[in-house]
Structures are given as structure tokens and as C-alpha cells.
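Geometric and topological summary
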Amino acid sequence: MGNKARLWISLLIIVVLSWIELQFFTESVGVEEMKRKVAHILFLLAVGAVGYFAWAKHPVQWIKSVWLLGYAVALVIILGVGIIQWKFGVFGTAFLDEIHHIRLFFNSPLPFIMLLAAPKRFKKENVPSGSAK
């Protein structure tokens, strides 16, 4: 499978996963609390895995590292705050809303789209030899 096909198929899968997660586990009121929270984490892991599949053979290898680091940090923050809140209940609603926004961001196609644009944005300019920058 070519790199472009891998990227577009991965983007499509991420969009579908994001839509399912949003429709059935974020906006839905019929799912019990613990199942909803577990589903959020599973969808976060699924989006991360699909993104890894997309970036694994990309010619710009630092993108794969950025993807993995971003999802690992997000997962640690979300799980860490969730466990602390579950055990001790120390966080206020405003802080938990910010964590919710982190989860929404990483469960969306936006990080993938941002990384799609990154190689073009950070591409080194071709400057002819002997000319001043």
C-alpha cells in the first residue's frame, strides 16, 4: 500500500472512530458512566494506533515520534487525572472540563490533519549555493 493511500485510509478511519465516539459515548445519555469512560480510553487508544499505522512508514520519521509522544502524554494526563479524581475527588469542574477538551482534541482527526501539513510547513527551503539567505 502506498504512503498516500495509507494516510488517506487512516484519516478516514480516524474520522469514523471520532464520530462514533462522539455520537455514542460523549453526546449519548443512555450509557452508564464507567462504560462511557472506558470507551473514551479505548477510542483514544484506537485513534492512536491508527495514526501510528499511518505514520510508521512515512518518509519523515520525526512525525511518528511526535504522534507517539503526543498520544502517550495525553493518555498519561487523562488516566492520571481520572484515577486521582476517582480516588480522592480533588479536582474542580473547570479543571476537569479542560481535561475533557484534551480528550476531545486527541479523539478527533485534528492532530492527524495537523501532522499531515507539518512536513510541508517545515520543509527546508531550496537555496541555490552562493546566494545569501
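Details of the structure are given in the entry above.
All right, on to the packing of aromatic side chains then. Counted according to the given criterion, the structure contains eight aromatic pairs. Between Trp55 and Phe112 the ring centres are 5.0 Å apart and the planes differ by 40°, which places this aromatic pair in the tilted class. In this pair, Trp55 is assigned in helix α2 (residues 33–55) and Phe112 in helix α5 (residues 110–121), connecting sequence segments 57 residues apart. The two residues Trp55 and Phe112 agree in class, both being buried. Ring-pair connections join several aromatic residues into one group, and the members of that group are Trp55, Trp67, Tyr71, Phe105, Phe106 and Phe112. The lysine or arginine in question, Arg6, covers the ring of Phe53, its NZ or CZ lying 4.3 Å from the ring centre. For Lys87, the ring lying beneath its charged end belongs to Trp86, and the centroid distance is 4.5 Å.

So, on to the nonpolar core. Trp55, Trp67 and Phe112 are the most contacted members of the largest nonpolar core, which totals 25 residues. Sorting the residues of this core by element identifies α1 (3–26), α2, α3 (62–88), α4 (93–106) and α5 as the ones contributing at least two each. A per-element tally of this core places α2 first, with eight residues. Not counting residues within four places of it along the chain, the set of residues in contact with Phe112 comprises Leu7, Ser10, Leu11, Ile14, Gly51, Ala54, Trp55 and Trp67.

For Ser10, the position within the fold is in helix α1. Distance in space between the C-alpha atoms of Ser10 and Phe112 is 9.0 Å, their sequence separation being 102 residues. Apart from the residues within four sequence positions on either side, Ser10 is in contact with Val50, Phe53, Ala54 and Phe112.

Definitions and cut-offs
Every chain begins its residue count from 1, and numbering advances along the sequence as written. Since the coordinates come from a predicted model, pLDDT governs what is reported: local features require at least 70, and pairs of side-chain atoms require 80 or more to be given and counted, while whole-chain, interface and lining totals use all residues. To obtain the side-chain values, all non-hydrogen atoms of the structure were used and water was disregarded. In this analysis, rings of Phe, Tyr and Trp, with Trp reduced to its six-membered ring, are considered paired at centre separations within 6.5 Å, and the interplanar angle assigns stacked below 30 degrees, edge-to-face beyond 60, and tilted for intermediate values. The helix and strand labels rest on DSSP assignments: H or I over at least four residues marks a helix, E over at least two residues marks a strand, and numbering proceeds from the N terminus. Working definition: with a 1.4 Å probe on protein chains only, accessible area under 20% of the residue-type maximum means buried, over 50% means exposed, and in between means partly exposed. Our definition puts a charge over a ring when NZ of Lys or CZ of Arg is within 6 Å of the ring centre and also within 35 degrees of the ring normal. Here the nonpolar core consists of buried residues drawn from Ala, Val, Leu, Ile, Met, Phe, Trp, Tyr and Cys, with membership extended through side-chain atoms lying within 4.5 Å. Whether two residues touch is decided by their heavy atoms; if any such pair falls within 4.5 Å, the residues are in contact.

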